[in-house]
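Below, each chain spelled out in residue letters.
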Amino acid sequence: MKILIAGASGGIGKYLAEHLSTKHIVYGTYNTRKPDVDLDYHMNKVDVTNESDVARWVSTSTTDSDELVLIYCVGVNYNCMIHKSDAEKWRKVIESNLFGVQHFLRHLLPKMRAKCFGRIVLLSSVVPQ
């Protein structure tokens, strides 16, 4: 089984990558927080808001024979009163938290369906949007 963790550079994503890599093959993504160099799992820089970045990562990190698990831990939040909010910051939240997961699912679900196996775990921020 191969575990793909989007957002594996900090918080729960990093914990899961470290813990699960003791028993499974783990591939993780990061965007702004570059990981340590000596890891027991694979890490790549991926902008989850860019579908071509996600597609490239999925194609280089997976094969058709893999039994895949996706854990989506990317969480961008912007805590602000709506009438004082910045539209671009709000757009980044929506693009990362909603469109980002859609990019992964678009490219992973066909592989999971072909293999008749797949697990998807979606985590979100403790800050309600």
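Rules and cut-offs
- In this numbering scheme, every chain counts its residues from 1 along its sequence in written order.
- Two thresholds apply to this predicted model, a pLDDT of at least 70 for residue-level local features and 80 or more for giving and counting side-chain atom pairs, whereas whole-chain, interface and lining totals are computed over all residues.
- With hydrogens and water stripped out, all remaining heavy atoms of the structure feed into the side-chain values.
- Here a patch means residues that are over 30% exposed by relative accessible area and free of salt bridges, tied together within 9 Å if like-charged and within 5 Å if nonpolar (Val, Leu, Ile, Met, Phe, Trp, Tyr).
- We get accessible surface area from the Shrake-Rupley algorithm with a probe of 1.4 Å; when it comes to residues, only the shown protein chains can shield them.
- By definition here, a salt bridge exists when the distance from a side-chain nitrogen of Lys or Arg to a carboxyl oxygen of Asp or Glu is within 4 Å.
- In this tally Asp and Glu are treated as negative and Lys and Arg as positive; neither His nor the chain ends contributes.
- Think of each charge as sitting on NZ of Lys, CZ of Arg, CG of Asp or CD of Glu.
- Helix numbering and strand numbering both begin at the N terminus, where a helix is a DSSP run of H or I of at least 4 residues and a strand a DSSP run of E of at least 2.
- Strands are treated as partners if at least two bridges between them are detected by DSSP.
- Only C-alpha atoms enter the line fits that serve as axes; for helices the fit covers just the stretch in contact. Angles between N-to-C directions range over 0 to 180 degrees.
- Contacts are assigned to residue pairs that have any heavy atoms within 4.5 Å of one another.
- For each residue, the accessible area found with a 1.4 Å probe, counting protein chains only, is set against the maximum for its type, and the residue is called buried under 20%, exposed over 50%, and partly exposed in between.

Trainee: Describe a negative patch on the surface, with residues and values.
Mentor: Judged by side-chain charge, Glu18, Asp36, Asp38 and Asp40 come together as a negatively charged surface patch. Take Asp36: it is sitting in the loop between strand E2 (25-30) and strand E3 (42-45).

Trainee: Which residues make up the sheet that holds strand E1 (residues 2-6), and what values do they have?
Mentor: On the basis of which strands lie adjacent, the open sheet formed by 5 strands has the order E3-E2-E1-E4-E5 and parallel pairing. The sheet is open, and its two edges are formed by E3 and strand E5 (119-122), each paired on a single side. Neighbour-to-neighbour, the strand axes of this sheet turn through a mean angle of 15°, independent of strand direction. Relative to E5, strand E4 (residues 68-72) runs parallel, the two being bridged by 4 bridges. Within the sheet, the bridge partner assigned to Ile71 lies in E5 and is Val121. Sheet strands touched by helix H1 (residues 11-20): E1, E2 and E4. Its angle to E1, the strand with the most contacts, is close to 165°. Contacts from helix H2 (residues 51-61) reach E1, E2 and E3, with the element oriented near 160° to E2.

Trainee: Tell me about the pattern of salt bridges, and please be specific about residues and values.
Mentor: A full pass over the atoms with the stated rule returns 5 salt bridges. In this structure, Arg106 and Glu51 form a salt bridge, with 2.6 Å as the shortest nitrogen-oxygen distance. Residue Arg106 is found in helix H3 (residues 87-115), and its partner Glu51 is found in helix H2; the two are separated by 55 residues along the sequence. Residue class for Glu51 comes out partly exposed when judged on its relative accessible area of 27%.

Honestly, that's just the spatial picture; any functional story needs more than this.
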